[in-house]
Each structure stands twice: as C-alpha cells, then as structure tokens.
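Each chain, letter by letter, is given below.
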Amino acid sequence: IRDRITDDERRLRIENAQRLMSANQMDALYLDAGTSMFYFTGVRWGQSERMMAVILPSDGDPAVVCPKFEEGRLREIFRFGEDIRTWEEDESPCARVAQVLRDNGSRFGRVGMEERVRFFLYDGIRKEAPGLEYVSGDPITIECRVAKSETEIALMQRANDITIEAYKAVVPLLTEGMTRDEFRTLSQQAHAALGVSGGIGPQFGLASSFPHGMADPPPLREGDIVLMDGGCGVDGYRSDISRTVVLGEPTARQREMWELMSRAKAAAFAAAGFHVPCEDVDNAARQIYLDYGFGPEYEVPGLPHRTGHGIGLDGHEWINLVRGNTRPMEVGMCFTNEPMVVIPNEFGVRLEDAFWVTEEGPVYFSEPSPSIEEPFG
C-alpha cells in the first residue's frame, strides 16, 4: 500500500475536474488554501490574510498566485505547471487572479469558487474581473472528492488502524481523578508514537450527555461513563472513531442505553449500501429509538443529530446521512455511523465507526465494540 497519493493520481484528478468544468460550462475553478487544493495539487498551505491560490482552467495546466516572498518555497512543492504569478506586499493578488482568468480565455464566462473560499478574496476577484459570472464550484470539488479511490481508502484504513491502536494503549490508563486534558495528552502521545498527529477527546459522566462535551468538565469518577472521540490523518486522510466505556462496573441503566445505541448503529449499517438513499440510513437508526419510546424527531432522550457524515481529507465532508438527503450512496463513498443516544442530565453513549460503500454493501474501517466492557473486541 502506498504511503501517499502519487502525482499521477493527482493529474487524473485534475483531468477529471476539467471534464466536469466543461460539462458544467465553467472556464476555471478557483481554489483557496485547504483540502481541495491539497486534493488536486498536493500543496499544503495554511490560510492567512495573504492569498495563496490555485486556478484550475478547463484546459491546460493549473496556475498559482502566491506572495512573492513565498515563491521559492512554492516552487519546491508545486509540480503541475510553471505558471506561478507572484504579488508584492503593496500589490493586489486579486489583480493577478484576474490576469490569469483573462490569459486563460473564456468560452462560458463562468468561474467556479470552491466552498472554502473566503468572502474577501471572492469580492476582490469579482471587482478586478467584473465581466465574469462567479458560481459555486461544488459540482467540481464535491463530485471529484466524494467517491474515494482504492489508494484513498487504503490510507483511511491505515488512519483507522492507528487510532484503534492508540485507543488500546490509553483506555487501560483511565483512572479516577484523571482530567480530560490529561487523557487527551496521553492519546496524542500514543498517536505520535505510531507516527502520526492525532488525539482522543474524552467526556466523563454528565459531560457525555452533551454531544460535544462540556467546556469545563469535572475529573473522572468511579462509575462514570467515558465517551471518547478521536482520530488522526495519514497523508491527510482522516479517521474518526468513538468509544464509550464505564470506569468500573456499568449500571443496568448504562448497559441498557449502550445496547440500545448499539442496535441503532447496527440498523443503520444494515440499511446502508450501493444505490441506497442516504436518508434511509438515518431513518433506520432513528426507528430503533422511536420503537423504544425515545424522540420523536431530534428530541432527547434520543438521537439529537444526524446518524453520520462523509469523511475523507476533512473529518466532516459531504454527504450526510440525514433525513431529506435522497442522494443514493455510490461505490467509494465513505461515511461515519454514529447514532448517539443522549439522556439529559445523566449521560450519553456514542459508538462511531466509519465505513465505505462497495457494490456488495458497506465495509467498516474499524469493527464496532461488541459490548460496553469490550471496546475493541
């Protein structure tokens, strides 16, 4: 298994984007620094007030607009063309983008803006090149990224394997009096020892009844539910895994809610598959809670959020497993399965594992917990 995406695969991605641009009558796609830029070019670049952008034309090599003092660094890592336009600190980077768009020519007069483009950049480009129509780049970026290749799935598998190993290293270290930050630090160290940057955030007791935890949770006590959520990245591709255990012996109530949530998760997985509308997965999980007497809708006790989300280079990507999303699942799409159950003022339980879609059905990246005492089987 390769450790990273090759340049050849990225070239195929650019060609696919160009086919989609032509089909959607776009002359170019503007990419801000972020995961879509990394997806197409392999360039990792942090966002700041200084524009660093890639413009994919519907034909030909990409162009880059970057600060002049970053040109040397950019040339080291950009491998998909020679068109690098620079701007000095007292110049307008948006004017450089307008120049690229003019030089590229125009068949349709339309420029796609990917979803992460910040408004001040879009507004500046629009003012410098007012004669063009600016449209959403979603038909390009989303459609290129939602179905993962075999290499992408292999990288995500490695990320999930690593996070499971980190869990196995740190869950036995849970002790009464431990703080959230102490556990998180241990989990970061475990991921680092496995060669990646990652971590696991825990919520103890009452804090677990808040879907994303409390701002200042109390330390761990004997008998507390411990809800943990963590992940890492391998060549940018993410894992996202949650486990719920109890420090000590579970009560009958804790065990019952854990098993209820596990049944909802199993129902969601059983409903997933090639050509299945995404909302069917959410409906299947939610029905388990309705049959139990929880809900309806997003009311708690019950499931207060969607059943799952897309995952890939971003921890949360398109497409969501949520009511109203009738889009059919496609081969290579990757999702989390996490129909949490929340008991207000008591605790919450979440078991989260990601899966990908094949023609034969869904396949988990990490195997769900068999019981509240056995988080890893």
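Look a little higher up for the structure.
For clarity, every value in this text was computed on a predicted model and none was experimentally measured.

1. Considering the pattern of salt bridges
Then, number 1: Following the criterion strictly, the structure yields 38 salt bridges and no others.
Then, number 2: A salt bridge links Arg50 to Glu89; the shortest N-O distance between them is 2.7 Å. Here Glu89 lies in the loop between β4 (83-87) and α4 (93-104) and Arg50 lies in the loop between α2 (35-41) and β2 (53-57), a separation of 39 residues in the sequence.
Then, number 3: Two residues, Lys127 and Asp123, come together in a salt bridge whose shortest N-O distance is 3.1 Å. You can see Lys127 and its partner Asp123 sitting in helix α5 (residues 119-128), four residues apart, about one turn around the helix.
Then, number 4: Taken together, the shared-partner salt bridges in this structure form one network comprising Glu115, Arg116, Arg145, Lys148, Asp314 and Glu317.

2. Some points on the sheet that holds strand β1 (residues 28-31)
Then, number 1: What the six strands build is an open sheet, ordered β4-β3-β2-β1-β5-β6; its pairing is mixed. Across the chains shown, the open sheet's two edge strands, defined by having one partner strand only, are β4 and β6 (133-136). Each adjacent strand pair in this sheet contributes to an overall mean axis angle of 25°, direction not counted.
Then, number 2: Against the sheet, helix α1 (residues 7-23) engages β1 and β2, with an angle of about 60° to β2.
Then, number 3: Contacts between α4 and the sheet are confined to β1, β2, β3 (63-67), β4, β5 (110-113) and β6, with β4 contributing the most and set at about 150° to the helix.

3. Observations concerning the nonpolar core
General note: in soluble globular proteins, nonpolar side chains tend to be found buried as a group.
Then, number 1: With 41 residues, the main nonpolar core has Phe40, Met52, Leu56, Val64 and Leu74 as its most contacted residues.
Then, number 2: In terms of residues, this core owes the most to one element, helix α7 (residues 150-170), which gives five residues.
Then, number 3: What Met52 contacts, discounting residues up to four positions off in sequence, is Leu31, Asp32, Ala33, Met37, Val43, Trp45, Val64, Val65, Cys66 and Leu74.
Then, number 4: Core analysis: the next-biggest nonpolar cluster, separate from the first, contains 32 residues, Ile142, Met257, Trp258 and Ile372 among them.

4. Overview of unusual backbone geometry
Backbone geometry follows two general trends: most residues other than glycine have a negative phi, and most peptide bonds adopt the trans configuration.
Then, number 1: Omega for the peptide link from Val300 to Pro301 comes to 5°, which places this bond in the cis form.
Then, number 2: Here Pro301 lies in the loop between α10 (278-292) and β11 (308-310).
Then, number 3: With an omega dihedral of 10°, the bond running from Trp318 to Ile319 counts as a cis peptide bond.
Then, number 4: As for its position among the elements, Ile319 is in strand β12 (residues 317-321).

Reading guide: rules and limits
- Residues numbered from 1 in each chain as written.
- Predicted model: local features only at pLDDT ≥ 70, side-chain atom pairs only at ≥ 80, totals over all residues.
- Heavy atoms only, no water.
- Salt bridge = Lys/Arg side-chain N within 4 Å of Asp/Glu carboxyl O.
- Helix = DSSP H or I, 4+ residues; strand = E, 2+ residues; numbered from the N terminus.
- Pairing = 2+ DSSP bridges.
- Axes fitted to C-alpha atoms, helices over the stretch in contact; angles between N-to-C directions.
- Contact = heavy atoms within 4.5 Å.
- Core = buried A, V, L, I, M, F, W, Y, C linked by side-chain atoms within 4.5 Å.
- Buried < 20%, exposed > 50% of the residue type's maximum accessible area, 1.4 Å probe, protein only.

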